[in-house]
Amino acid sequence: MPKIKTSRVKYPEGWELIEPTLRELEAKMREAENDPHDGKRKCEALWPIFKIAHQKSRYIYDLYYRRKEISKELYEFCLDQGHADRNLIAKWKKPGYERLCCLRCMQTRDHNFATTCVCRVPRHLREEKVIECVHCGCRGCASGD
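Per an unreviewed UniProt entry, the chain goes by G10 protein and derives from Elaeis guineensis var. tenera. Looking at the chain in UniProt, the text filed under Subcellular location (unreviewed entry) is "Nucleus".

Undergrad: Break down the overall build of the chain for me, citing the residues and quoting the values.
TA: Broken down by element type, the chain carries 4 helices and 0 strands. Helices (α) and strands (β) of the chain occur, in sequence order from the N terminus, as α-α-α-α. A sequence separation of at least 24 residues applies to 51% of the contacts in the chain between residues at least 6 apart. Carbon together with sulfur atoms contributes 52% to the accessible area of the chain, which is approximately 9,600 Å² in total. With 29 positive and 22 negative side-chain charges, the chain shows a separation of 3 Å between the mean positions of the two kinds.

Undergrad: Outline the layout of surface pockets, listing residues and values.
TA: Within this model, the largest pocket holds a volume of roughly 430 Å³. Phe50, Lys51, His54, Cys101 and Cys136 are the residues nearest the centre of the largest pocket, which is lined by 22 residues in total. Sort the elements by how many residues they give to the lining of the largest pocket and helix H2 (residues 47-66) lands first, with 7 residues. Looking at the lining of the largest pocket residue by residue, the class counts come to 11 nonpolar, 3 polar and 8 charged.

Undergrad: For the packing of aromatic side chains, give the residues involved together with the corresponding values.
TA: The description of an aromatic ring pair uses the distance of the two centres, along with the angle that the planes make with each other. The final tally for this structure, using the stated rule, is 8 aromatic pairs. When the centroid spacing of 5.4 Å and the interplanar angle of 70° are considered together, the rings of Tyr11 and Phe77 count as edge-to-face. Placement of the pair is Tyr11 in the segment before helix H1 (15-34) and Phe77 in helix H3 (residues 72-80), with a sequence separation of 66 residues. Given a relative accessible area of 11%, Phe77 falls into the buried group. A centroid spacing of 5.4 Å and a plane angle of 65° characterise the contact between Tyr61 and Trp92, whose relative ring orientation is edge-to-face. A residue pair is termed long-range when its members are at least 10 positions apart, and Tyr61 in helix H2 and Trp92 in helix H4 (residues 86-92) qualify at 31 residues. Here a set of aromatic residues connected by ring pairs shows up, and it is made of Tyr61, Tyr64, Tyr65, Tyr75 and Trp92. Directly above the aromatic system of Trp92 lies the positively charged group of Arg58, at a separation of 3.9 Å from the ring centroid. Directly above the ring of Tyr97 sits Lys91, whose terminal nitrogen or CZ lies 5.5 Å from the centroid.

Undergrad: How would you explain H3 if you had to name every residue and give the values?
TA: Listed as buried for H3 are Leu74, Tyr75, Phe77, Cys78 and Leu79. Where the residues of H3 are buried, they touch H1, H2 and H4. Once H3 finishes, Gly82 follows within two positions and takes phi at roughly 90°, a positive value.

Thresholds, definitions, all that
Residues numbered from 1 in each chain as written. Predicted model: local features only at pLDDT ≥ 70, side-chain atom pairs only at ≥ 80, totals over all residues. Heavy atoms only, no water. UniProt positions renumbered as here; feature names shortened; annotations may be inferred. Helix = DSSP H or I, 4+ residues; strand = E, 2+ residues; numbered from the N terminus. Contact = heavy atoms within 4.5 Å. Areas by Shrake-Rupley, 256 points an atom, 1.4 Å probe, with all protein chains shown as cover. Lys, Arg positive; Asp, Glu negative; His and termini not counted. Charge placed at Lys NZ, Arg CZ, Asp CG, Glu CD. 1 Å grid on protein atoms, 1.4 Å probe; cavity = no way out; pocket = protein on both sides within 12 Å on 5 of 7 lines; lining within 4 Å. Points joined across faces, edges and corners; volume = space filled by probe spheres on them. Nonpolar A, V, L, I, M, F, W, Y, C, P; charged D, E, K, R; others polar. Phe/Tyr/Trp six-rings, centres within 6.5 Å; stacked < 30°, edge-to-face > 60°. Buried < 20%, exposed > 50% of the residue type's maximum accessible area, 1.4 Å probe, protein only. Lys NZ or Arg CZ within 6 Å of the ring centre and 35° of its normal.

As structure tokens, then:
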């Protein structure tokens, strides 16, 4: 969770450009956290939270690495303040992980037979064409899809 905005924090140049989007995503996150999860499985209740956290990280990643619209200082500030997941972005920079949905999907200790999640399997190799990841609700994040 990002730290609370105070007058002591010196915001880098360009912060005012990305702040409205980050505030909007924070509001969505709060709404998803407070949303009742009656009738849902325990894991399904967390899926919207994972989705919004992924969205925030992808937004900052795209601004810095793809569109090159923010400075390194602002990018590091966002990572330090908790607006994006540093480890997930580090994986996105590696070949084969460009579309990774969450870090739990690639950890072998969380899955049967010490493999990765079913959402990491390319679509043409799956037996079932429509699947959902148990951890985050992803329907496929393999780079070959």
